[in-house]
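# Close look at the chain arrangement
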Amino acid sequence: MDSALQENVDQSEHNDPLAVGNDGVLPTDVLRDVLLHLPADELCRLRLVCRSWRSLTSDPIFAKAHSSRHPLIVGLHMQPRPIRRGSRGFDVHFVDPFSGDIVKQVTTGRAWDVHKLSTNHGRLCISADERYDPEKNRVLNPATGAITMLPDTSKHENESTSYGSSTCFLGCVPSTGEYKVIRIRRRHERRNLVEEVELDYHIATLGGDGNNSDAGWRVMPCPPVDVTVGSLGRAVVKGVAYFLLDIPHWPAKSDDILEFDLDTEEWRYPALRGPFTSHNISAEDEDRVWESFHLANLNGCLVGIYNYHRRCRYTDCSMDLWFLVDAYKELWTKRYSLQLASIAHPCGVYFPLVILDDGRVLIWVHGGVQKLKAYDPRTSAWTNIPSLVDNLLFSVCIYHGSLLCSDTTMD
Amino acid sequence: MEVDKGKGEAEETRKVAEADRDTVTLKSSDGKLFEVSKEAAARLSTVLAGMIAGGSIDDNGTDLKQIGSEALENVVDYCNKHANSIPSAALISSSISFNTAPFKEPEEWERKFVDRLSHDALFDLVEAANFLGMERLLDVTCHKISEMMKGKSPDQIREVFNIKNDYTKEELEEIRQELAWAFYDD
């Protein structure tokens, strides 16, 4: 035993950067495993230790493995004191949902609770409704902290035009790495005392690295049917923006989805049929009434979220998650069916954020209360994740990227 | 019942082992022999599972030249403890726990198991776990080492992990500025 120890001591004599204690060298793959346990901010501090630790923690493959083990919730956090009367500052918080630790916070300047976050391919778009703050829309690269202001909105063309609700969101074109922002506004036009409301669609391209917006807003082709403006009715997955139609789904009973290709900037025809129309099954049954339909990007997959309540029992809610398996064959599969009855809140909205490595689904509950919950499909059990209780966040989403390396995405 | 059984237990275990061979004998780099349940070894170590399946287990002690006797003793100890704690493990995973990150936090006994180890013993064990493909033990030991890194300054880390600073002052300042957000607390 002594001789074995002696051998190890001898081995550590040369000044290998990974030499450990008196018992030899910690192999790089073990060191990697150790570092994967630490949060992103700690890893960034550890880059000061030596060159090899820095290159290991900056590696895109390491960053990807890290972000799948440490999913981050991102949301807007109201600063405790108003910057000036009636206007509070907001920070962007990146929170580890399990420890509750704020891993990173970025001050974005003035923002209100009308601001919305959208995230795609490692970038964040912070935008406000056109009516309130049209010139402060920006895209953040969380790994570097670089902020790109979106092009200015042209002032109202004439007095008869005004804008209602609007939305901005971000998508990445996988083939070129370009980031594009789509803006949809509700335009009110007064003509001969009659007010007409139309949606107008614009698109802007950020630079190849997503760090400078070189061009202004361009007019985007109009879709055949107007799409929903709300953030729950769209998702961007692998360079395609998917939209629900702006028609009442009840009683239309259509779950058609429009696709906009961010690369070619064209709408795809015909519309992608949702799971019910494409599989020719009925959305409802004797027991369940279809309540609402949302879209989400869950772990890089387009997911249709169907909310139901039991007939005549409005608090007995359930949710089905349909994953798009093959867009060309319009093939969907129902991977999760969640019973919300035990956690239901009368005016709550339940939004799945991410599927964890162990199969559980993280669900953000907002409206009335704000809660983060985990659902385990094997046991149908709900777990409260209490970490966000003291950290009131708005416009919460999962961060599709890594704070360690700006080239990493979870899509 | 335990009292009655106690005396003959060792003898009985050996007999059963010889007959059904439900244990395997492992030999450390310094020639010490350790016996471990075949079932636990196969379940917890991908390398031992492969050796058992491939028939490359030596009844007189399978040579593990890369692992010292102290580390191997800890490996065997871990396997035995793990085998005994299965019911509680199942209980814990199904109960409601707030602290359940995507990779499972160490359980109480696992935490105690690694906490009692000296610095050197811990690093020997993590390498042994890595060598034997023991995913769970590797996770638990890596977690322990990561805890040792938390909140330490670069100088402290270099001291504990015996690492040479290969940066220039200017480079360190550059990294500090680039990652200013991570150094808020300093």
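Since we're looking at a predicted model, the values are computed, not measured. Residue positions are given per chain, counted from 1 along the sequence in the order it is written. To read the labels, note that chains go from A and ligands from 1, taken in the order they are written. Totals for whole chains, interfaces and linings use every residue, but because this is a predicted model, local features are given only for residues with pLDDT of at least 70 and side-chain atom pairs only at 80 or more, for both listing and counting. Neither water nor hydrogens contribute to the side-chain values; these are computed over all heavy atoms in the structure.

### What about the overall build of chain B?
Note on conventions: DSSP H or I runs of at least 4 residues are helices, E runs of at least 2 residues are strands, and numbering of each starts at the N terminus. Each helix and strand counted, chain B has 10 helices and 3 strands in total. Going from N to C terminus, chain B has its helices and strands arranged as α-β-β-α-α-β-α-α-α-α-α-α-α. When the 186 residues of chain B are sorted by exposure, 38% land in the buried category. It only takes one pair of heavy atoms within 4.5 Å for two residues to be counted as in contact. Within chain B, counting contacts between residues at least 6 apart in sequence, those at least 24 apart form 62% of the total. Counting every atom, chain B has about 10,600 Å² of accessible surface; 50% of that belongs to carbon and sulfur. Accessibility here uses a 1.4 Å probe with only protein chains present; expressed as a share of the type maximum, an area under 20% marks a residue as buried, one over 50% as exposed, and anything in between as partly exposed. Working definition of accessibility: Shrake-Rupley area with a 1.4 Å probe, residue cover restricted to the visible protein chains.

### What to know about the UniProt feature "domain: SKP1 component POZ" (unreviewed entry) in chain B
UniProt positions are given in the numbering used here, feature names are shortened, and annotations may be inferred rather than shown by experiment. Using the residue numbers shown here, the UniProt feature "domain: SKP1 component POZ" (unreviewed entry) corresponds to residues 23–84 of chain B. For residues 23–84 of chain B, helix accounts for 52% and strand for 19%, while the C-alpha atoms at its two ends are 15 Å apart.

### Re unusual backbone geometry
Trans is the common state for peptide bonds, and a negative phi is the common state for residues other than glycine. Residue and element names in this part refer to chain A. Of note, the amide linkage connecting Tyr269 to Pro270 takes the cis form, showing an omega dihedral of -10°. Counting through the fold element by element, Pro270 comes out in strand E15 (residues 266–272). A positive phi angle, close to 50°, is found at His121, a residue other than glycine. Relative to the assigned elements, His121 resides in the loop between strand E4 (116–120) and strand E5 (123–127). On the basis of relative accessible area, His121 is assigned to the partly exposed category, the value being 24%. Notably, Asn299 is not glycine yet its phi reads approximately 50°, a positive angle. Positionally, Asn299 belongs in the loop between strand E16 (288–298) and strand E17 (301–310). On the accessibility criterion, Asn299 (36% relative accessible area) is partly exposed.

### Remarks on the nonpolar core
Residues belong to one nonpolar core when they are buried, are Ala, Val, Leu, Ile, Met, Phe, Trp, Tyr or Cys, and are joined through side-chain atoms within 4.5 Å. One finds Leu35, Leu46, Trp53 and Phe94 of chain A together with Val75, Met134 and Met149 of chain B to be the most contacted residues of the largest nonpolar core, which totals 82 residues. Setting aside its immediate chain neighbours within four residues, Leu46 of chain A contacts Leu35, Leu38 and Trp53 of chain A together with Met149 and Ile157 of chain B. Counting residues in each nonpolar core, the second largest holds 19 residues, with Ala296, Leu298, Leu340 and Trp382 of chain A among its members.

### Let's talk about the UniProt feature "domain: SKP1 component dimerisation" (unreviewed entry) in chain B
When the UniProt feature table is mapped onto this chain, "domain: SKP1 component dimerisation" (unreviewed entry) is found at residues 136–182 of chain B. Strand forms 0% of residues 136–182 of chain B and helix 66%; the C-alpha atoms that close the span are 30 Å apart.

### Some thoughts on the pairing of strand E9 (residues 179–191) of chain A
Residues and elements named next belong to chain A. Burial runs high along E9: 10 of the 13 residues are buried. Following DSSP output, two strands are said to pair if at least two bridges run between them. One ladder, built from 10 bridges, connects strand E8 (residues 161–172) with E9; its direction is antiparallel. Across the sheet, Ser166 pairs through a bridge with Arg185, a residue of E9. Where E8 folds back onto E9 in an antiparallel hairpin, the turn is made up of 6 residues, including Gly177, whose phi is positive at roughly 75°.

### Side note on the sheet that holds strand E6 (residues 138–141) of chain A
Residues and elements named next belong to chain A. One open sheet holds the 4 strands; their spatial order is E4-E5-E6-E7, and the pairing between them is antiparallel. If you trace the sheet from one side to the other, it starts and ends with E4 and strand E7 (146–149), each paired once. Averaged over all neighbouring strand pairs, the angle between strand axes comes to 20°, with direction disregarded. Bridge count for E6 against E7 is 4 bridges, and the pairing is antiparallel. By the bridge assignment, Val139 is partnered in E7 with Thr148. Interaxial angle, 0 to 180 degrees, is taken between N-to-C directions of lines fitted to C-alpha atoms, where a helix line uses only the stretch in contact.

### What to know about the pattern of salt bridges
Here, a salt bridge means any side-chain nitrogen of Lys or Arg that lies within 4 Å of a carboxyl oxygen of Asp or Glu. Taken as a whole and assessed by the stated rule, the structure comprises 29 salt bridges over all chains. Residue Asp326 of chain A pairs with Lys329 of chain A through a salt bridge whose shortest N-O separation is 4.0 Å. Judged by its relative accessible area of 22%, Asp326 of chain A is partly exposed. Residue classification places Lys329 of chain A among the exposed residues on the basis of a relative accessible area of 65%. We note a salt bridge from Asp63 of chain B to Lys65 of chain B, for which the minimum N-O separation is 3.9 Å. Classification of Lys65 of chain B as exposed rests on a relative accessible area of 63%. Within the structure, one salt-bridge network assembled from shared partners comprises Arg185, Arg187, Glu189, Glu198 and Asp200 of chain A.

### A closer look at helix H4 (residues 69–84) of chain B
The end-to-end C-alpha distance of H4 of chain B is 22 Å, a good match for the 22 Å that 16 residues give at a rise of 1.5 Å each. Within H4 of chain B, the full set of buried residues consists of Ser69, Ala71, Leu72, Asn74, Val75, Val76, Tyr78, Cys79 and His82 of chain B. To estimate the expected span of a helix, count its residues, drop one, and scale the result by 1.5 Å.

### Details of the confidence of the model for chain B
Residue and element names in this part refer to chain B. A residue's pLDDT is the confidence the predictor assigns to it, expressed on a 0 to 100 scale. A residue-level look at chain B finds 77% of positions with pLDDT of 70 or above and a mean pLDDT of 79. The low-confidence segment residues 14–19, where pLDDT is below 50, has 5 contacts with residues more than four positions distant or belonging to other chains. If you check the scores for this complex, the pTM reads 0.81 and the ipTM reads 0.80.

### What to know about the packing of helix H2 (residues 28–35) of chain A against helix H4 (residues 51–58) of chain A
Residues and elements named next belong to chain A. Put simply, H2 and H4 touch, their axes get as near as 11 Å, and they point 65° apart. Once H2 is placed against H4, the crossing between them reads as right-handed. Contact with H2, carried on its side by Leu31, Arg32 and Leu35, involves Trp53, Leu56 and Thr57 of H4 and no other residues of that element. Partitioning the contact of H2 with H4 into residue classes produces 4 nonpolar, 1 polar and 1 charged. Handedness of a crossing is defined here by the sense of rotation of the near helix relative to the far one, left-handed for an anticlockwise turn of less than a right angle and right-handed for a clockwise turn. Think of it as three bins: nonpolar holds Ala, Val, Leu, Ile, Met, Phe, Trp, Tyr, Cys and Pro, charged holds Asp, Glu, Lys and Arg, and polar takes everything else, Gly as well.

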